[in-house]
There are 2 protein chains.
Amino acid sequence: MGVCLSGAVVHSTFPQEKVHKIDYSIYPTSEQLMMLIKSRRSNRAMSNAMIPKESLQMILEAAHRAPTASNSQKVFFKLIENPDDLKYISDFTIKTFEKLIKLLQTPILKLILKRIMPEAYKYLPAFNRLKIEHEKGNDLIIRKAKAVLLIYTPKSNRFGKEDANLAYQNGSLMAESLGVAQFYLGFVCSALSQDKKRVFNKRFGIDGTIHAAMGLGMPLFKYENFTDRNDIGPIS
Amino acid sequence: MGVCLSGAVVHSTFPQEKVHKIDYSIYPTSEQLMMLIKSRRSNRAMSNAMIPKESLQMILEAAHRAPTASNSQKVFFKLIENPDDLKYISDFTIKTFEKLIKLLQTPILKLILKRIMPEAYKYLPAFNRLKIEHEKGNDLIIRKAKAVLLIYTPKSNRFGKEDANLAYQNGSLMAESLGVAQFYLGFVCSALSQDKKRVFNKRFGIDGTIHAAMGLGMPLFKYENFTDRNDIGPIS
Ligand SMILES: Cc1cc2nc3c(=O)[nH]c(=O)nc-3n(C[C@H](O)[C@H](O)[C@H](O)COP(=O)(O)O)c2cc1C
Ligand SMILES: Cc1cc2nc3c(=O)[nH]c(=O)nc-3n(C[C@H](O)[C@H](O)[C@H](O)COP(=O)(O)O)c2cc1C
C-alpha cells in the first residue's frame, strides 16, 4: 500500500511537457456517460473486419490511465493479434478444461472432490459443451476476436487484481465509445489460474500474473436496445 | 464461470418495460471519454459540503451497470454516510495497523518475519505515520469523505474481486463526470483482509467479502491540469 499520503502530488521536477490543460468544454455530461455505461455490453458477435490501429491504441491508452495502488503504475499490457497466437489461447483454455473434466470424472476422486469442491461440478456441463463445440470448430472461448488484450502485473504488486480490473473497465468503455466490440475472457483467466508451470506466460514472454483478458473485434451489428439489470437491492 | 455460451441473450419472457432504446445521439465521443479518463484523479482534497443525493444515486447506478462473470449480478453495495460509521471505518483501519506495527516490531518475531514477509517492513514507516497523524486528529484513511461506498460479493462468487473492481471504475468515472471527488480506500481494504473474525462486516450487516471501497466527497477546488503517466512500455 501507498506511502503517498500527502494528497495532491506536487513534483517540482515534474517535466512541464507532461502537464496538460483539462478541456472541460468537451467533458461528457453525466447523462452522456450513463448512456454509454448502460449500453455497453459484452458483444460476442464479431465480423471478420480488422480493428483500426488507432482504436486499439486508444483502448490501451484508456486502460493505462486507470488508477493504481500507491501510483505504482505496475500494470502491463500484451496485445495479441497474430492468428496462430489467438488460436493458441483458445486451444490452451480448452486443453486445460479437458484435463479438469478428466480429473473431475475419475471414479475414485469423484467421491472426494464432490465434497471438497462441489462448485466445480456445476461447471462440468459448461466445460463439456465448450469442448464439444471446439471439436466441431466452434470457438466459444475467444470467438472471432481479432485481438486479445492481456492485462498483467508483477507478482510483487499486492493490488494486482484490483489495478488490472480497474484498467479493464476503462479500456472496455473506450472500446464501446469507439464502436469496437469487446468481452471479458473469464474462461481464459480460469485456465490461466491452473497453469502452475506458467507455460502460457513463457510462450508470450510475460513475467507476472495475468489478471484480466479482453477479446476485441468489430461488431457484426449495432445494438438498438439495452436492458435493465436486476434491481440494485438495499444499499444502506 | 459462465454457462451463457450463446452470445446474445434472448429471453422471450424478458419484460418489455426493462428494455430501452439506446440513444446514440447523446453517446460521448471517444475524445470526450478520453478527456474524462485522463483528467479523472484521486481527489483527496474535500470540502465540508454534502454530496447531492442524485449524484450518489448515479454513481451507484453506474457501478451496478458493470459486467459480472456469468451475468451473476452478485455484486452488492453499502453506502455509509453516518459520521459515527465513517469514524468507525478510520478507527478500525488504524487499529488494525497498530496491531501490525506491534507484531512487526516484536524483537523475536522480527528476525523471522523480515525473512518471510520483507515487503511488510516497507510499509512500516507509512503505517507509523498514519498512526501518528491519527492521534493528532488527522484522518489520512478516509480524510474528509462524506460517504464511503463498499463493494462486496458473496463468498461463492469466484470472480468477486474482478466484478467488484469493474464496478468501482464505472462508479469512479461517473463521480468524475458529476464533479464529485473520489479516491480508492486501499488502506481500508488492506485492514479488512486482516479481519478474520469479520468484526467489521458484522457491524455493517455485510454478508460477503468487501473487495473495493470508495471515499466520496465534494472537491475543494477544480483541477486545471492533468499529467501523463509513465510510458506504457512494450505492448506486443
Ligand atoms: C469477470 C468476468 C468474466 C467473464 N467471462 C466471460 C467469458 O469467459 N466468456 C464470455 O463470453 N463472457 C464472459 N463475461 C461476460 C459476461 O457474461 C457478461 O458481462 C454478462 O453476461 C453481462 O452482460 P453484459 O456485459 O453484456 O452487460 C465475463 C464477465 C466478467 C465480468
Ligand atoms: C487499489 C488501489 C488502492 C488505493 N488505495 C489508496 C488509499 O488507501 N489512500 C489513498 O489516498 N489513495 C489510494 N489509492 C489512489 C492511488 O494512490 C492513486 O490512484 C494513484 O496515486 C494515481 O493517482 P490518480 O488516481 O490521481 O490518477 C489507491 C488506488 C488503487 C487503484
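Residues numbered from 1 in each chain as written. Chains lettered and ligands numbered in written order. Predicted model: local features only at pLDDT ≥ 70, side-chain atom pairs only at ≥ 80, totals over all residues. Heavy atoms only, no water.

Chain A appears in an unreviewed UniProt entry as Nitroreductase domain-containing protein from bioreactor metagenome. Under the UniProt heading Sequence similarities (unreviewed entry), the entry covering chain A gives this text: "Belongs to the nitroreductase family." In its Cofactor (unreviewed entry) section, UniProt records this for chain A: "FMN". (UniProt positions renumbered as here; feature names shortened; annotations may be inferred.)

Asker: Residue-level account of the sheet that holds strand 5 (residues 209-217) of chain A, with values.
Answerer: Residues and elements named next belong to chain A. In spatial order, the strands read 2-3-5-4; together these 4 strands make up an open sheet with antiparallel pairing. Edge positions in the sheet fall to strand 2 (76-80) and strand 4 (181-184), since each of these pairs with one other strand and no more. For this sheet, the mean angle separating the axes of adjacent strands, direction not counted, is 25°. Judged from the 7 bridges that link them, strand 3 (residues 147-153) and strand 5 form a sheet pairing that is antiparallel. Looking across to strand 5, one finds that Val-148 is bridged to Gly-215. Against the sheet, helix 2 (residues 53-64) touches strand 2, strand 3 and strand 5, its axis set at about 160° to strand 2. (Pairing = 2+ DSSP bridges. Helix = DSSP H or I, 4+ residues; strand = E, 2+ residues; numbered from the N terminus. Axes fitted to C-alpha atoms, helices over the stretch in contact; angles between N-to-C directions. Contact = heavy atoms within 4.5 Å.)

Asker: Can you break down the UniProt feature "domain: Nitroreductase" (unreviewed entry) in chain A residue by residue, with the values?
Answerer: According to UniProt, the positions carrying the feature "domain: Nitroreductase" (unreviewed entry) are residues 37-217 of chain A. Note that residues 37-217 of chain A is 54% helix and 14% strand, and that its end C-alpha atoms are spaced 19 Å apart.

Asker: Give me the relation of the copies chain B and chain A: which residues, what numbers.
Answerer: Relative to chain A, chain B is turned by 180° and slid 0.0 Å along the rotation axis, the superposed coordinates differing by an RMSD of 0.0 Å. With respect to symmetry, the two chain copies, as superposed, fit the operation of a two-fold axis. A high fraction, 100%, of the interface residues of chain B reappear at the interface in chain A, so the copies pair face to face through one surface. (Least-squares fit on C-alpha atoms with pLDDT ≥ 70 in both.)

Asker: Which residues make up the site of ligand 1, and what values do they have?
Answerer: The environment of ligand 1 is made up of 20 residues, and the closest members are Ser-42, Arg-44, Tyr-184, Gly-186 and Phe-187 of chain A. Residues near ligand 1 are shared among chains A and B, making this a multi-chain site. Arg-40 of chain A places a polar side-chain atom, nitrogen or oxygen, 3.1 Å from an oxygen atom of ligand 1. Phe-187 of chain A has a polar backbone atom sitting 2.9 Å from an oxygen atom of ligand 1. (Near = heavy atom within 4 Å. Polar contact = N/O pair within 3.5 Å; in protein donor to acceptor, adjacent residues only side chain to side chain.)

Asker: Lay out unusual backbone geometry in plain terms, naming residues and giving numbers.
Answerer: Look at Gln-73 of chain A: it is not a glycine, yet its phi comes out positive at around 55°. A residue is classified by how much of its surface remains accessible, and Gln-73 of chain A, at 15% relative accessible area, is buried. At Asn-71 of chain B, a residue that is not glycine, the phi angle is positive and equals roughly 50°. With respect to the helices, strands and loops of the structure, Asn-71 of chain B is situated in the loop between helix 2 (53-64) and strand 2 (76-80). (Buried < 20%, exposed > 50% of the residue type's maximum accessible area, 1.4 Å probe, protein only.)

Asker: Tell me about the sheet that holds strand 2 of chain B, and please be specific about residues and values.
Answerer: All names here are of chain B. Ordered in space as 2-3-5-4, the 4 strands form an open sheet in which the pairing is antiparallel. Strands at the two margins of the open sheet, each flanked by one partner only, are strand 2 and strand 4 (181-184). Direction aside, neighbouring strands of the sheet carry axes that sit 25° apart on average. Most of the contacts of helix 7 (residues 186-194) go to strand 5 (residues 209-217), to which it runs at about 155°, and overall it touches strand 4 and strand 5.

Asker: So what's going on with the pairing of strand 3 of chain A? Which residues, and what values?
Answerer: Residues and elements named next belong to chain A. Extensive coverage of strand 3 is indicated by the burial of 7 of its 7 residues. Here strand 3 shows no split at all, with Ala-147, Leu-149, Ile-151 and Thr-153 on one side and Val-148, Leu-150 and Tyr-152 on the other all buried. Two strands pair when backbone bridges link them, and strand 2 and strand 3 are joined in this way by 5 bridges, in the antiparallel orientation. Bridge pairing links Phe-77 to Ile-151 in strand 3.

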